[in-house]
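Chain by chain, the residues:
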Amino acid sequence: MESTGSYWKPVYNIFEEEQIPIMVVNAQHIKGVLGRKTDVKDAEWIADLVRHGLVKASYIPNRDIIWFQITPMVSDLLIGLCAIMMVISVALYIIQNTRTLKEETV
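Values in this document were obtained by computation on a predicted structure and should not be read as measured data.

Colleague: Looking at this model, I keep getting lost on a nonpolar patch on the surface. Mind explaining?
Modeller: On the surface, V74, L78, L81 and M85 cluster together to form a nonpolar patch covering roughly 370 Å² of accessible area. Positionally, L81 belongs in helix α4 (residues 63-105).

Shown next, in the form of structure tokens:
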């Protein structure tokens, strides 16, 4: 499968879940291989290149590695969200107290 944009990801995920061997190759790498291709013959041409070892698979980390890469980002986002919530809480507390002080002085 040629990795053009992000269209390959859903198909790759299905094959990975079913443990069906799949190879994703870089579109730029395929363009660099000599030969003529058309849209009609694209899949056959890529399969032929793979059979002859003319392209190599792109590195795609497995789900466990991706999860470990995402987890720190999520925790950083949660920490940032908590900080924002604290600032909002303090601002609301100050606003409420200034209203109370104004009412008491009137």
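Colleague: Explain helix α3 (residues 42-51) here, please?
Modeller: Working note: α-helix, 3.6 residues per turn, so residues spaced by three or four point in the same direction. Taken together, the buried positions of α3 are occupied by D42, W45, I46 and L49. The arc that holds the buried residues of α3, viewed along the axis, is 100°, so those residues lie on one side. α3 presents A43, E44 and R51 as exposed residues on the side facing more than 90 degrees away from its buried surface. Once α3 finishes, G53 follows within two positions and takes phi at roughly 70°, a positive value.

Colleague: What is the right way to look at the pattern of salt bridges in this model?
Modeller: Under the counting rule described, the total for this entry stands at one salt bridge. The partner of R51 in a salt bridge is D48, and the shortest N-O contact between them spans 3.5 Å. Of the two residues, R51 and D48 are both situated in helix α3; the distance of three residues between them amounts to about one turn of the helix. Assessed through its relative accessible area of 64%, R51 is described here as exposed.

What counts and what doesn't
- Residues numbered from 1 in each chain as written.
- Predicted model: local features only at pLDDT ≥ 70, side-chain atom pairs only at ≥ 80, totals over all residues.
- Heavy atoms only, no water.
- Patch = residues over 30% accessible without salt bridge, like charges linked within 9 Å, V, L, I, M, F, W, Y side chains within 5 Å.
- Areas by Shrake-Rupley, 256 points an atom, 1.4 Å probe, with all protein chains shown as cover.
- Salt bridge = Lys/Arg side-chain N within 4 Å of Asp/Glu carboxyl O.
- Helix = DSSP H or I, 4+ residues; strand = E, 2+ residues; numbered from the N terminus.
- Buried < 20%, exposed > 50% of the residue type's maximum accessible area, 1.4 Å probe, protein only.
- Arc of directions from axis to C-beta.

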